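# Structural characterization, general
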Amino acid sequence: IAEEHVDTVCVARTHGQHAAPTTYGMKFVVWAYEVHRHLKRLGECGERLSVGKVAGAVGTMAGLGEKALEIQELALRELGLKPALVTTQVLQRDRVAEFLFNLALIAATAEKIAKEIRNLQRTEIAEVFEPGGAEVLYGEETPPDVRFKLQVGSSAMPHKRNPHKCERICGLAR
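### Some points on helix α2 (residues 68–79)
One full turn of an α-helix is made of 3.6 residues, so residues set three or four places apart face in the same direction. Over its 12 residues, α2 runs 17 Å from end to end, which matches the ideal 16 Å to within 8%, given 1.5 Å per residue. Taken residue by residue, α2 has A68, Q72 and L76 as its buried positions. The arc enclosing the buried residues of α2, seen along the axis, measures out at 50°, which places them on a common side. Exposed residues pointing more than 90 degrees away from the buried face of α2 are listed as L74, R77 and E78. Contacts from the buried residues of α2 go to β3 (51–52) and β4 (82–83). Following α2 by one or two positions, G80 has its phi on the positive side, about 75°.

Okay, here's the thing in structure tokens:
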């Protein structure tokens, strides 16, 4: 989409006010690279998160005897995990906290994009719209059994194109 709109000029806004010209290609590629960084972080985090332990109540493996390391390696291999280098009673929770932090970053990006689309879909701006709407509902290309599933405007004002998906994304992100 960024390549398709590399020359589609639009107004950039700061603090909701007109600032300088930009392109939708630029706007979309900024979002794409942010998502790319999230995917990279998740991949890196996955390796740190995919560990386990079979090291006893305090992490010393004392209760498993001489073959403790072998027992742990076999059990964890069966689970698709690598052994943590050192633990106590539990695996340290910084791994899970890192994963949750990455999910929070992803949610923040999703909300940022959804809020921008919601803003650009406002009647007085009307530059970007979610797919759907009343005109799709009655199009010939839409099979009759699918029509009821498509988005319409408001129940009282079917001509509207409310940004339902973006509103849900913002709510879920919070």
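And the narrative resumes.
### Observations concerning the pattern of salt bridges
Evaluated as defined, the whole model comprises 7 salt bridges. A salt bridge links E116 to K27; its shortest N-O distance comes to 2.6 Å. In this pair, E116 sits in helix α3 (residues 94–121) while K27 sits in helix α1 (residues 24–49), placing the two residues 89 residues apart along the sequence. Residue class for E116 comes out partly exposed when judged on its relative accessible area of 22%.

### Notes on the pairing of strand β2 (residues 17–23)
Relative to β2, strand β1 (residues 9–14) is paired through 5 bridges, and the arrangement is antiparallel. Considered in β2, the bridge of R13 is made with H18. Connecting β1 to the next strand, β2, in antiparallel fashion are 2 residues, including H15 with a positive phi near 55°.

### Side note on the nonpolar core
Counting residues in hydrophobic clusters, the biggest one holds 13 residues, and the most contacted among them are Y24, F28, W31, I117, L120 and V128. Where this core is concerned, the elements lending two or more residues are α1, α3 and α6 (164–173). In terms of residue count, α3 provides more of this core than any other element does, 4 residues in total.

### Digging into the environment of L42
The topology assignment puts L42 in helix α1. With 57 residues separating them in the primary sequence, L42 and F99 have C-alpha atoms 7.2 Å apart. Sequence-distant contacts of L42, that is, excluding residues within four places in its chain, are made with F99, N102 and I106.

### Considerations on the confidence of the model for the protein chain
Summing up the model confidence of the protein chain, the mean pLDDT is 89 and the portion of residues at 70 or higher is 86%. Segment residues 133–138: pLDDT under 50, and 11 contacts once partners within four positions in sequence are set aside and those in other chains are kept.

Calculation rules
- Residues numbered from 1 in each chain as written.
- Predicted model: local features only at pLDDT ≥ 70, side-chain atom pairs only at ≥ 80, totals over all residues.
- Heavy atoms only, no water.
- Helix = DSSP H or I, 4+ residues; strand = E, 2+ residues; numbered from the N terminus.
- Expected span 1.5 Å × (residues − 1).
- Buried < 20%, exposed > 50% of the residue type's maximum accessible area, 1.4 Å probe, protein only.
- Arc of directions from axis to C-beta.
- Contact = heavy atoms within 4.5 Å.
- Salt bridge = Lys/Arg side-chain N within 4 Å of Asp/Glu carboxyl O.
- Pairing = 2+ DSSP bridges.
- Core = buried A, V, L, I, M, F, W, Y, C linked by side-chain atoms within 4.5 Å.
- pLDDT = per-residue confidence, 0-100.

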